[in-house]
Amino acid sequence: MAKTDPSFVCQNCGAAYNRWQGKCEACGEWNTLAEENAGGSAAVPTSLRPRRKGRTFALETLTGDTHDAPRTASGMSEFDRVTGGGFVRGSVLLLGGDPGIGKSTLLVQAASLMARLKHRTVYISGEEAVAQVRLRAERLGLANAPVQLAAETSVEDIIATLSQGARPSLVVIDSIQTMWTDTVDSAPGTVTQVRASAQALIRFAKTSGATLILVGHVTKDGQIAGPRVVEHMVDAVLSFEGEGSQQFRILRAVKNRFGPTDEIGVFEMTGLGLREVPNPSELFLSERDLGTPGTAVFAGIEGTRPVLVELQALVAPTSLGTPRRAVVGWDPARLSMVLAVLEAHCGVKLSGHDVYLNVAGGLRIQEPAADLAAAAALVSSLANAPLPADGVYFGEVSLSGAIRPVAQMSARLKEAAKLGFKRAILPELTRGDGAGDAGLTLNAVGALAELVAEIAAKGRGKREKIA
Ligand code: TYD
Ligand code: MG
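Summary of the structure given here.

The rules behind these values
Residues numbered from 1 in each chain as written. Chains lettered and ligands numbered in written order. Predicted model: local features only at pLDDT ≥ 70, side-chain atom pairs only at ≥ 80, totals over all residues. Heavy atoms only, no water. Pairing = 2+ DSSP bridges. Helix = DSSP H or I, 4+ residues; strand = E, 2+ residues; numbered from the N terminus. Axes fitted to C-alpha atoms, helices over the stretch in contact; angles between N-to-C directions. Contact = heavy atoms within 4.5 Å. Polar contact = N/O pair within 3.5 Å; in protein donor to acceptor, adjacent residues only side chain to side chain. Expected span 1.5 Å × (residues − 1). Buried < 20%, exposed > 50% of the residue type's maximum accessible area, 1.4 Å probe, protein only. Core = buried A, V, L, I, M, F, W, Y, C linked by side-chain atoms within 4.5 Å. Phe/Tyr/Trp six-rings, centres within 6.5 Å; stacked < 30°, edge-to-face > 60°. Lys NZ or Arg CZ within 6 Å of the ring centre and 35° of its normal. Near = heavy atom within 4 Å. Areas by Shrake-Rupley, 256 points an atom, 1.4 Å probe, with all protein chains shown as cover. Salt bridge = Lys/Arg side-chain N within 4 Å of Asp/Glu carboxyl O.

1. Quick look at the sheet that holds strand β6 (residues 92-97)
The strands making up a sheet associate through hydrogen bonds between their backbones, and the pairing can be parallel or antiparallel.
And then number 1: If you walk across this open sheet you meet the nine strands as β8-β7-β9-β10-β6-β11-β12-β13-β14, and the pairing is mixed. Strand pairing shows two members of the sheet lacking a second neighbour, β8 (148-151) and β14 (273-276), which therefore form its edges. Each adjacent strand pair in this sheet contributes to an overall mean axis angle of 25°, direction not counted.
And then number 2: In this structure, β6 lies alongside strand β10 (residues 211-217), joined through six bridges in parallel fashion. Bridged to G96 within β10 is G216.
And then number 3: Helix α3 (residues 130-139) rests against β7 (121-125) and β8 of the sheet, and its axis sits at about 140° to β8.
And then number 4: Helix α5 (residues 191-208) contacts β6, β9 (170-174) and β10 of the sheet and is inclined by roughly 160° relative to β10.

Here it is, written out as structure tokens:
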């Protein structure tokens, strides 16, 4: 008897097994294996399948008149910034994000803008009825945009419909998890279905030259649900992030074959949909608690754009055996490192304290340049000493306690000067940084211990008053 294909597939990573087991050995997740009927041609033993002779095709050179990825601007500049300047013909984007974060809202708005620019734009919803999408568009004041709308889930029907008439410029599929294709037998939402549906839709995009945006659900730990393979199949993976309680939303490229991956687009969710935020610094600083202990302003860089953001720390005596370390918007490993350097090189004892660190506005910082601002906020909270309200902080802390220089110092300083800051606490300058001309007072720190001593000196008086 011919060997049958394995039919238990991990719904997290797509690994296949020929018997059920509790844990997926490939990704380590529990209870993610589900039985899937391999179905289709895969069920036929390979030896019985008709042999097809290979077809010859023309090989081409690297030079030659390939049309260089022509882009279509979406009309939403924050979206275009993230994609690298607009949608590339025939490219496929995967947009992931928590439920309710605003993926559908973003795409309805982008599709409407494209349609108003006289591009054929098709929006296929597998989750909402046509009436619901219309209702939303009405609320957004976009009901008159000539978007072609349908509530469909069959991939074959969708491709047949799209192939009729003019080539669509933009096709939105909301979401890939609801799509199903006849070619495989598994239920919609399973890895096999998602993979096969994505494959068929991507093939359509590549042959027709339409830009395809797939919406992908996100699991509780932030991964795009379903097979990771879909991430490898698409040209760009975008993630739409934000704290549920905050109105800011950040669009970030996780992977991008046609553009940068470090640019962010900033939006604000309002009653009338998403509003673009061209100058995010003003937004992230708008609710600044001037001169409160534990607050430091970090001059960061997101992609090519300087962004000023407030870091808030709270250091409080703990009642637990193991003190708490909670961090929102920053890397917990980075926080542990800064805490360790403070203990080891600066004489700051934090092992008896709970530590909370929060990046205001729902931004997630990835730069090591935030180390100095985080350390300043932590020490300021511990010493109960407010930091100067007109200062910004940036610099990387090394394991030895030294402050290392970071990239793009002059861009950071210019942005700080623009927003009315008067001084910067930064790494010692090396020649050629060109940081001196922004008009700020520069306060260079060589070692973290210097900064700690400075903050603690200011705090001592207050502490005694409180005690
Ligand atoms: P939605 O786009 O449906 O999220 P997703 O597709 O990512 O699941 O967004 C739903 C949320 O957005 C909902 O909680 C309400 C909010 N919202 C607004 O605040 N203003 C608006 O104009 C719209 C359309 C939605
Ligand atoms: Mg949605």
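Still more ground to cover, so stick around.
2. Examining the side chain of R252
And then number 1: The residue R252 is located in strand β12 (residues 248-256) in this model.
And then number 2: Engagement of the side chain of R252 in a polar contact is seen with the backbone oxygen of R364, the distance being 3.0 Å.
And then number 3: With residues near it in sequence (within four places) discarded, R252 still touches V82, V237, L238, S239, E241, E263, I264, E302, R364 and Q366.

3. Quick look at helix α8 (residues 332-346)
And then number 1: End to end, α8 covers 20 Å across 15 residues, agreeing with the expected 21 Å (1.5 Å per residue, within 8%).
And then number 2: If you check which residues of α8 are buried, you get L335, M337, V338, L339, V341, L342 and C346.
And then number 3: Measuring from the side-chain oxygen of the N-cap residue of α8 to the backbone nitrogen of A333 gives 3.1 Å; that N-cap residue is D331.

4. Focus on the nonpolar core
And then number 1: Core analysis: the biggest nonpolar cluster contains 67 residues, and L342, L378 and L448 have the highest contact counts within it.
And then number 2: Among the elements that take part in this core, helix α9 (residues 371-383) stands out by supplying 10 residues, more than any other.
And then number 3: Listed in part, the 29 residues of the second largest apolar core include I101, L140, L170 and V172.

5. Some details on the packing of aromatic side chains
And then number 1: In total, this model carries two aromatic pairs according to the counting rule given.
And then number 2: Taking NZ or CZ as reference, R412 lies 5.5 Å from the ring centre of F394, over its face.

6. Observations concerning the site of ligand 1
And then number 1: Near ligand 1 lie 16 residues; those nearest to it are G100, K103, S104, T105 and G273.
And then number 2: One of the backbone nitrogen or oxygen atoms of G271 is found 3.2 Å away from an oxygen atom of ligand 1.
And then number 3: Isolated, ligand 1 exposes 560 Å² of accessible area, and the fraction of that covered by the protein chains is 71%.
And then number 4: Sort the elements by how many residues they give to the shell around ligand 1 and helix α2 (residues 103-116) lands first, with three residues.

7. Observations regarding the pattern of salt bridges
And then number 1: In total, this model carries 16 salt bridges according to the counting rule given.
And then number 2: Across the pair R81 and E78 runs a salt bridge, and its minimum N-O distance is 3.8 Å. In this pair, R81 and E78 both sit in helix α1 (residues 77-83), three residues apart, roughly one turn of the helix.
And then number 3: Judged by relative accessible area, which is 2%, E78 ranks as buried.
And then number 4: We note a salt bridge from R136 to E128, for which the minimum N-O separation is 2.3 Å.
And then number 5: Connected through shared salt-bridge partners, E78, R81, E263 and R305 make up one network.

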